[in-house]
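Structural characterization, general
Next come the chains, spelled out residue by residue.
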Amino acid sequence: MVQFLVLITIWDYDLKLFNANNLKIYIMKKLLIITLLLAVTTSFSQSKNERASIEVDGVCMMCKARIEKAAIRTKGVKSAVWSVKTHELKLIYDGRKTNLDSIKSSVLNVGHDTMDLKATEEAYNTVHPCCRYRDNEVIDDHKGEKEENDHDEHAH
Ligand SMILES: [Cu+2]
C-alpha cells in the first residue's frame, strides 16, 4: 500500500512538471491507480482466516445443530457457532475458498432464513416441526424453554 501511495505522489509531481495540459492522460493515470488499488485491496481482503457473523433465524438447539452443520460443511469454512439467544452465526472461513454468499446459501438450503434472504418453502418444510421458526406459536413455545434453560444455568 505504501508503495502505491509513493507512486501516486511521484505521478502527481510528474504532472506538475509537465504542466498537465493533457487532461486525458491525467484521467487515465488516475483511473489506472484506482484500478490497481482496488485489485490490491481485494486480494488483501481475501485472507485465510476471515471472520464474519451473519444473522440466521432459528429457535432451538436442533436448529443450532442444523445451521452449524450446514455452515461447516461448506468448503472453506473452519468454524461456525450459532447462538439460540442472539441468532448470530459466527464464522471463521478461508476467504480464498469461499465467501459469505456460499455459506448463506448452504444455510438457506437446510431451511433457515438469513437476515437478508429467505429459504425456499421446500427447504423450510424439511426442518423438524418444532423448529418452525416462522410460526409464532413455535417461537412462543421456545421462549418458555429458553427461560427455563437460563434459570438452570444460574442455579449451578
Ligand atoms: Cu429447532
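Our subject is the structure that appears above.
Everything numeric here is computed off the predicted structure, so don't read it as measured data. (Residues numbered from 1 in each chain as written. Predicted model: local features only at pLDDT ≥ 70, side-chain atom pairs only at ≥ 80, totals over all residues.)

Description of the nonpolar core
Core analysis: the biggest nonpolar cluster contains 17 residues, and I67, A71, L89 and L91 have the highest contact counts within it. Elements represented by at least two residues in this core include exactly α3 (61–72), β2 (77–82), β3 (88–93) and α4 (100–109). The contacts of I67, once residues within four sequence positions are left out, are V56, G58, W82, L89, V107 and H112. (Core = buried A, V, L, I, M, F, W, Y, C linked by C-beta atoms within 7 Å. Buried ≥ 20, exposed ≤ 12 C-beta atoms within 10 Å, placed from the backbone. Helix = DSSP H or I, 4+ residues; strand = E, 2+ residues; numbered from the N terminus. Contact = placed C-beta atoms within 7 Å.)

Quick notes on the environment of I103
Along the chain, I103 turns up in helix α4. Between the alpha carbons of I103 and I54 there is a distance of 9.8 Å; along the sequence they are 49 residues apart. Contacts of I103, omitting those with residues within four sequence positions, involve A71, T74, V77, L91, Y93 and T98.

A short note on the packing of α3 against α4
Following both chains from N to C, one finds α3 and α4 inclined at 140°, their axes separated by 8 Å at the closest point. Comparing their axes, α4 and α3 come out oblique. Two packed elements cross with a definite hand, and for α3 against α4 that hand is right-handed. Residues I67, A70 and A71 of α3 lie in contact with α4, whose contacting residues are I103, S106, V107 and N109. Partitioned by chemical class, the residues of the contact of α3 with α4 number five nonpolar, two polar and no charged. (Axes fitted to C-alpha atoms, helices over the stretch in contact; angles between N-to-C directions. Parallel < 35°, antiparallel > 145°, perpendicular 65-115°, else oblique. Left-handed = near helix turned anticlockwise from the far one by under 90°. Nonpolar A, V, L, I, M, F, W, Y, C, P; charged D, E, K, R; others polar.)

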